[in-house]
Amino acid sequence: MKILITGGAGFIGSHVVRLFVNKYPNYQIFNLDKLTYAGNLANLTDIEDKDNYTFLKGDIVDAAYVDGIFNEHQFDAVVHLAAESHVDRSITDPLAFVYTNVIGTVNLLNTARKQWADNLQDHVFYHISTDEVYGSLGKEGLFTEETAYDPRSPYSASKASSDHFVRAYYHTYGLPVKISNCSNNYGPNHFPEKLIPLAINNIRNEKPVPVYGKGENVRDWLYVIDHARAIDVIFHEGKVGETYNIGGVNEWKNLDLIELLCDQMDEKLGREQGHSRKLITFVKDRAGHDLRYAIDSSKLMNELGWKPSVTFEEGLSKTVDWYLQHPEWLENVTSGNYQSYYDQQYVSR
Ligand code: NAD
Ligand code: TYD
């Protein structure tokens, strides 16, 4: 089977590519990525020379390019992760999110529909989305697959739009699709603009850790490798036309989470307990900051037998260890050096 994975040089995509390349040696995995600031091929050095892996540098917004690679490689399935993914960036530049998340997704859907027209039922287009499409919860309740869409940031609005297009292609053209909506991920290879890797990097460098507002917003955190495992299960066993929610049953107020992180890092770095908590700095709140996300993943657990493999304390500890053991990854990402990796490894050889 030939699978096109988009966004495979990013945070979650790199874990999905690695899992598929290693677990399914008979599949041919094609990783299509534009290598924006969030794409980093150093995330995949351990598998880049495998026979069943091919990297394609390109933009999903470029319809002719997308048509060209489908013609050339005749993909059987798509797992679509490429996106602009950071809420704060979407507040300053919403259009970038419309181009990639909406137009890019529709380009992929158009091409898949045309290319697979003779035997649609033999293919699958699996779209990876976020729980943020459901909006913001109050103190009680969980997002289920039936929760009405109510996106409130430009990021979540663009992801909601892409989800609607994916469903529209299922209902209108019979394109076999699957969608999953996942809660906040954390783990290795996470770009240090998002809360957890940013805080780890700042604690490591004894720099202020910015907490928006009063730190009372709640997120439901899932270890990225458990998300990749869920994507594997849904890709192979999920029903066509269905949506699956993926979450960690693991709600944390931002401030509590940062305090736990400070304490774990003090212990690992041999600092006095309480030392890193002094770095916590309350800053201006994010515009339109969603109060709480929390996911009910019972459909995925009951129907497909998935469950998270680690507790949050274990996952966070593994994550901190990874960043402390890979200071060069953080330094390359923060200096911008990682952006020359493609030229060094692919163009020059
Ligand atoms: P990321 O920002 O780390 O990676 C996105 C990848 O997409 C990058 O490698 C980037 O180069 C690539 N890309 C961006 N624009 C492109 C374009 N026009 N053409 C081709 N490639 C392009 O994102 P992530 O956190 O790994 O998220 C992956 C997917 O999972 C996204 O669709 C996101 O909405 C979804 N998601 C993320 C989370 C989370 O907590 N990070 C949670 C739920 C769902
Ligand atoms: P983030 O990692 O950007 O993910 P999302 O906005 O998609 O949930 O932010 C997670 C939470 O942490 C969110 O409530 C915003 C907050 N936050 C901070 O308090 N400080 C920061 O520096 C960042 C990046 C986020």
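Residues numbered from 1 in each chain as written. Chains lettered and ligands numbered in written order. Predicted model: local features only at pLDDT ≥ 70, side-chain atom pairs only at ≥ 80, totals over all residues. Heavy atoms only, no water.

Q: Explain the pattern of salt bridges here, please?
A: Any two side chains of opposite charge can pair if their charged atoms end up close together. Going through the model one piece at a time under the given rule, you end up with 16 salt bridges. When the shortest N-O distance is used, the salt bridge between E206 and R271 registers 3.8 Å. Taken as a pair, E206 in the loop between α6 (195-204) and β8 (209-212) and R271 in the loop between α8 (254-268) and β12 (280-283) lie far apart in primary sequence, 65 residues in all. The class for E206 is partly exposed, based on a relative accessible area of 41%. Here the residues in one salt-bridge network are R89, E193 and K194, joined through shared partners. (Salt bridge = Lys/Arg side-chain N within 4 Å of Asp/Glu carboxyl O. Helix = DSSP H or I, 4+ residues; strand = E, 2+ residues; numbered from the N terminus. Buried < 20%, exposed > 50% of the residue type's maximum accessible area, 1.4 Å probe, protein only.)

Q: Hey, could you run me through the sheet that holds strand β6 (residues 177-182) in this one?
A: Consider a sheet: its strands pair through backbone hydrogen bonds, and that pairing is either parallel or antiparallel. Taken together, the 7 strands give an open sheet; going across it, the order is β3-β2-β1-β4-β5-β6-β10, and neighbouring strands pair in parallel fashion. Each of the sheet's edge strands pairs with one partner strand only, and the pair in question is β3 (53-57) and β10 (243-246). When strand polarity is set aside, the average angle formed by the axes of neighbouring strands in this sheet is 20 degrees. Across 6 bridges, the pairing between strand β5 (residues 124-130) and β6 is parallel. (Pairing = 2+ DSSP bridges. Axes fitted to C-alpha atoms, helices over the stretch in contact; angles between N-to-C directions.)

Q: Help me understand the side chain of D131 in this model?
A: Note on placement: D131 falls in the loop between β5 and α5 (154-173). With no salt bridge to any partner, buried D131 finds its closest opposite charge in R219, at an N-O distance of 7.1 Å. At 3.5 Å, the side chain of D131 forms a polar contact with the side chain of T130. (Lys, Arg positive; Asp, Glu negative; His and termini not counted. Polar contact = N/O pair within 3.5 Å; in protein donor to acceptor, adjacent residues only side chain to side chain.)

Q: Quick question: what am I supposed to make of the UniProt feature "domain: NAD(P)-binding" (unreviewed entry) in the protein here?
A: Under the UniProt annotation, the feature "domain: NAD(P)-binding" (unreviewed entry) is placed at residues 4-319. Overall, residues 4-319 shows 40% helix and 17% strand. The separation of its end C-alpha atoms is 28 Å. (UniProt positions renumbered as here; feature names shortened; annotations may be inferred.)

Q: What is the right way to read helix α10 (residues 312-325) from this model?
A: A rise of 1.5 Å per residue sets the reference length of α10, with its 14 residues, at 20 Å; its end C-alpha atoms lie 20 Å apart and thus fit the reference within 8%. Among the structural elements, β7 (184-186), α6, β9 (218-223), β11 (251-253), α8 and α11 (327-335) are those in contact with the buried residues of α10. (Expected span 1.5 Å × (residues − 1). Contact = heavy atoms within 4.5 Å.)

Q: For this particular structure, what's the right way to read the sheet that holds β9?
A: Reading across from one edge, β7-β9-β11 is the order of the 3 strands in this open sheet, with mixed pairing throughout. Among the strands making up the open sheet, the edge pair consists of β7 and β11. Each strand of the sheet is rotated relative to its neighbour by a mean of 50 degrees, with strand direction disregarded. Across 3 bridges, the pairing between β9 and β11 is antiparallel. Bridge pairing links D220 to E251 in β11. Across the sheet, helix α7 (residues 224-237) touches β7 and β9, and the angle it forms with β9 is around 70 degrees.

Q: Looking at this model, I keep getting lost on the site of ligand 1. Mind explaining?
A: The immediate surroundings of ligand 1 are formed by 28 residues, with I12, D33, S85, Y155 and K159 found nearest. Here a nitrogen atom of ligand 1 and a side-chain polar atom of T100 are 3.0 Å apart. Within the complex, the protein chains bury 97% of what would otherwise be the 830 Å² of accessible surface of ligand 1. Secondary structure elements with two or more residues in the shell around ligand 1: α1 (11-23), β5, α5 and β7. Top contributing element to the shell around ligand 1 by residue count: β5, with 3 residues. Of the residues assigned to the shell around ligand 1, the class counts are 12 nonpolar, 12 polar and 4 charged. (Near = heavy atom within 4 Å. Areas by Shrake-Rupley, 256 points an atom, 1.4 Å probe, with all protein chains shown as cover. Nonpolar A, V, L, I, M, F, W, Y, C, P; charged D, E, K, R; others polar.)

Q: Teacher, can you tell me more about the pairing of β10 here?
A: Taken residue by residue, a regular strand's side chains alternate between the two faces of the sheet. The alternating pattern of β10 places T243 and N245 and Y244 and I246 on opposite faces, both of which are buried. As paired strands, β6 and β10 are joined by 4 bridges and run parallel to one another. The residue of β10 that forms the bridge with I179 is T243.

Q: I tried to follow the environment of G247 on my own but got confused; where do I start?
A: Mapped onto the fold, G247 is located in the loop between β10 and β11. Judged by its relative accessible area of 0%, G247 is buried. Taking the C-alpha atoms as reference points, G247 and D131, separated by 116 residues in sequence, lie 8.7 Å from one another. Not counting chain neighbours up to four residues away, the residues in contact with G247 comprise S183, D220, L222, I295, S297, W306 and P308.

Q: Just to check I follow, could you spell out the packing of helix α2 (residues 63-73) against helix α4 (residues 94-115) for this structure?
A: How two helices pack is summed up by the angle between their axes together with the distance between the axes. Orientation of α2 relative to α4, taken along the N-to-C sense of each, is 35 degrees, at an axis distance of 10 Å. The chirality of how α2 crosses α4 is right-handed. When α2 is examined against α4, the residues A63, V66, D67, F70 and N71 are found in contact with a partner set consisting of N107, L108, T111, A112, K114 and Q115. A class-by-class count of the residues in the contact of α2 with α4 yields 5 nonpolar, 4 polar and 2 charged. (Left-handed = near helix turned anticlockwise from the far one by under 90°.)

Q: What is the right way to read the site of ligand 2 from this model?
A: By nearness alone, 17 residues border ligand 2, and E132, N184, R219, R286 and H289 come closest of all. Within the side chain of E132, an N or O atom sits 2.6 Å from an oxygen atom of ligand 2. In the model, an oxygen atom of ligand 2 is placed 2.7 Å from a nitrogen or oxygen of the R219 side chain. For ligand 2, the protein covers 97% of the area, taking 510 Å² as the surface of the free molecule. At the level of secondary structure, the elements contributing two or more residues to the shell around ligand 2 comprise α6 and β8. Looking at the shell around ligand 2, the element that brings in the most residues is β8, giving 3 residues. Residues belonging to the shell around ligand 2 are distributed by class as follows: 7 nonpolar, 5 polar and 5 charged.

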